Amino acid sequence: MSKRWFQGHQRDTWRRQARSKGYRARSAFKLKQIQEKFMLIREGDLILDVGCHPGGWTQVSVEETGPNGLVIGIDLLTSSPVEGAHFVTGDVSDESSHSLILELLQEGRTVDDNSLPELKEGETRLFNTIVSDISPKLTGQYDRDQAISLELAAMVFDFTLPLLAPGGSFVTKIFQGTGIEGVVNAAKQRFSRVQRFSPDASRNSSSEVYLVCKHKYPKPKKGSRGTTVAQELDRHLESEGIIQLNDSEPETDVKSGFRRVSKKE
Ligand SMILES: C[S@@+](CC[C@H](N)C(=O)[O-])C[C@H]1O[C@@H](n2cnc3c(N)ncnc32)[C@H](O)[C@@H]1O
């Protein structure tokens, strides 16, 4: 039995199960398995689902938070409606997407379309849980796809963490490989518990792994105040000799998937 055949068979099994249970994507089982192990989502939570299309994780989020919670999904692609959830179509790093997410969050319509308790003057509502299954459009070149996945994960941290309440939970997909420690270390500056997890539904089928972060600190640890996860990732890559951050001198490209892959002559 070839490895490729086995992987294809596994994927088909999850796909069939998803269809029989009314989920839009087999990836729904990945979030279910993350939830079983880590209990990220509690009843009544306000949840942001990043990279939500076609909506499998959104369906699971709605089930887990229940009628009094709130679920907002964002993706570059438009998803057909999921009862009880709100969708924003756009890039998670765009200002306009941010405004739309904030608007929906402050409006506070729950899954069963009631209003969340009114906010006091000057108060801002924040999410309890952010789940991100964001993935680049795969090129098939592993180095490149893996590098872009790390950059995407760093971007999701930087753009969405200000919307996550202290004590809140966060999960994001990353592809295993070079530089992953840079993102893991940056996460550890911001959350008290950070673990990598491979759900059965993705095991054997790819090199993706989920970074599960619990208990967001009110502020990042000292060394990370005033820096972004993307900057910390770049610094890590530089310390590993994978990129050079000083771009002022003439450069020649060296082989790697990373965006700023350059070497001084
Ligand atoms: C693996 S799919 C998500 C599947 C989804 N979790 C589900 O269960 O149905 C990854 C998604 O990330 C989205 N994505 C990639 N870059 C994005 C960005 N910058 N902003 C928003 N979504 C993005 C893609 O459009 C794609 O739909």
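Above this note sits the structure.
First, a word on what this report is: a plain description of the structure on this page.

Procedures and definitions
- Residues numbered from 1 in each chain as written.
- Predicted model: local features only at pLDDT ≥ 70, side-chain atom pairs only at ≥ 80, totals over all residues.
- Heavy atoms only, no water.
- Buried < 20%, exposed > 50% of the residue type's maximum accessible area, 1.4 Å probe, protein only.
- Helix = DSSP H or I, 4+ residues; strand = E, 2+ residues; numbered from the N terminus.
- Salt bridge = Lys/Arg side-chain N within 4 Å of Asp/Glu carboxyl O.

Some details on helix H2 (residues 28-38)
Then, in step 1: The buried count for H2 comes to eight of 11 residues, which makes it a mostly enclosed element.
Then, in step 2: Phi turns positive, to about 45 degrees, at methionine 39, one or two residues after H2.

Some words on the pattern of salt bridges
Then, in step 1: Evaluated as defined, the whole model comprises seven salt bridges.
Then, in step 2: For glutamate 208, the salt bridge is made with lysine 173, and the minimal N-O distance between the two is 3.4 Å. Taken together, the residues glutamate 208 in strand S7 (residues 208-216) and lysine 173 in strand S5 (residues 164-175) connect sequence positions 35 residues apart.
Then, in step 3: Since its relative accessible area comes to 6%, glutamate 208 is described here as buried.
Then, in step 4: Across the pair glutamate 181 and arginine 196 runs a salt bridge, and its minimum N-O distance is 2.7 Å. Here arginine 196 lies in strand S6 (residues 191-197) and glutamate 181 lies in helix H6 (residues 180-188), a separation of 15 residues in the sequence.
Then, in step 5: Residue class for glutamate 181 comes out partly exposed when judged on its relative accessible area of 32%.
Then, in step 6: Exposure remark for arginine 196: the relative accessible area of 37% places this residue in the partly exposed category.
Then, in step 7: One continuous salt-bridge network, built from bridges that share partners, spans Lys30, Asp133, Lys173 and Glu208.

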